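# Coordinate analysis (summary)
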Amino acid sequence: MLKDLKTAAKVTGFTLHIATSDKNIKDQLAAIVRQEDLPLAMSSWDLPVNVEFDDNGRIKNPTIKVTLLLVDKADSLLKKDLEEKAEEVGNLFIQYMRNLNNHLYTTTNVKEKPITGISFTYAPKFGSGQHSGILANFTVQMNLEPDC
């Protein structure tokens, strides 16, 4: 699943980094920003996976709840510029959702509602680097290999 998330990010025009949960997210973001081009995204590697059985006793595609931070840098620290950049990043996130949905539909056995529960919050000023972006949550279906 992480590979699918990264592939859709690359198609959308940014890099997705998988952060470790045992370190401060703001410190990890600061380190990554020094090495990468913006925009960029971070997600945690400890993604909760839910597995359920259908009415016939077969396992349904597992679902994963993803939290994602997508940021860029505004032209200045003026409130107007920070807000505009956050809105721009919000539009980029929506394009990412479209690309991820298409990717999952065409390359996995997930054919019905590959992504659900999509929401995001604008974050015009995040971290010590004063990045602008969004903090998003969504649930993704994993590909499930057939039981042979």
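So, a few notes on the structure that sits alongside this text. Note that the coordinates shown come from a computational prediction; the quantities given were computed from them, not determined experimentally.

On to the packing of aromatic side chains. Following the criterion strictly, the structure yields five aromatic pairs and no others. Arranged with centres 6.1 Å apart and planes meeting at 45°, the rings of Phe 93 and Phe 138 form a pair that is tilted. Here Phe 93 is found in helix α3 (residues 79-107), whereas its partner Phe 138 is found in strand β6 (residues 131-141), with 45 residues between them in sequence. For the pair formed by Phe 93 and Phe 138, the shared burial category is buried. Taking 5.3 Å as the distance between ring centres and 90° as the angle between the ring planes, the aromatic pair formed by Phe 120 and Tyr 122 counts as edge-to-face. Classification of Phe 120 as partly exposed rests on a relative accessible area of 27%. Joined through ring pairs, the aromatic side chains of Phe 14, Phe 93, Tyr 96, Phe 120, Tyr 122 and Phe 138 make up one cluster. One residue, Lys 111, lies across the ring of Tyr 105, its end atom 4.9 Å from the ring centre.

With that settled, the discussion passes to the packing of helix α1 (residues 2-12) against α3. Remark: α1 packs on α3, axes separated minimally by 9 Å, with the N-to-C direction vectors making an angle of 125°. Put simply, α1 runs oblique to α3. Handedness of the crossing formed by α1 with α3: right-handed. Between α1 and α3, the contacting residues are Asp 4, Leu 5, Thr 7, Ala 8, Ala 9, Val 11 and Thr 12 on the first element and Leu 92, Gln 95, Tyr 96, Asn 99, Leu 100, His 103 and Leu 104 on the second. Looking at the contact of α1 with α3 residue by residue, the classes come out as eight nonpolar, five polar and one charged.

Within α1, burial applies to Asp 4, Leu 5, Ala 8, Ala 9 and Thr 12. One side of α1 carries all its buried residues, which in axial view fall inside an arc of 135°. Facing away from the buried side of α1 by over 90 degrees, the exposed positions are Lys 3, Lys 10 and Val 11. Summarising the contacts, the buried residues of α1 are in contact with β1 (15-19), β4 (63-72), α3 and β6. Residue Gly 13 follows α1 closely and has a positive phi angle near 110°.

Rules used in this analysis
Residues numbered from 1 in each chain as written. Predicted model: local features only at pLDDT ≥ 70, side-chain atom pairs only at ≥ 80, totals over all residues. Heavy atoms only, no water. Phe/Tyr/Trp six-rings, centres within 6.5 Å; stacked < 30°, edge-to-face > 60°. Helix = DSSP H or I, 4+ residues; strand = E, 2+ residues; numbered from the N terminus. Buried < 20%, exposed > 50% of the residue type's maximum accessible area, 1.4 Å probe, protein only. Lys NZ or Arg CZ within 6 Å of the ring centre and 35° of its normal. Axes fitted to C-alpha atoms, helices over the stretch in contact; angles between N-to-C directions. Parallel < 35°, antiparallel > 145°, perpendicular 65-115°, else oblique. Left-handed = near helix turned anticlockwise from the far one by under 90°. Contact = heavy atoms within 4.5 Å. Nonpolar A, V, L, I, M, F, W, Y, C, P; charged D, E, K, R; others polar. Arc of directions from axis to C-beta.

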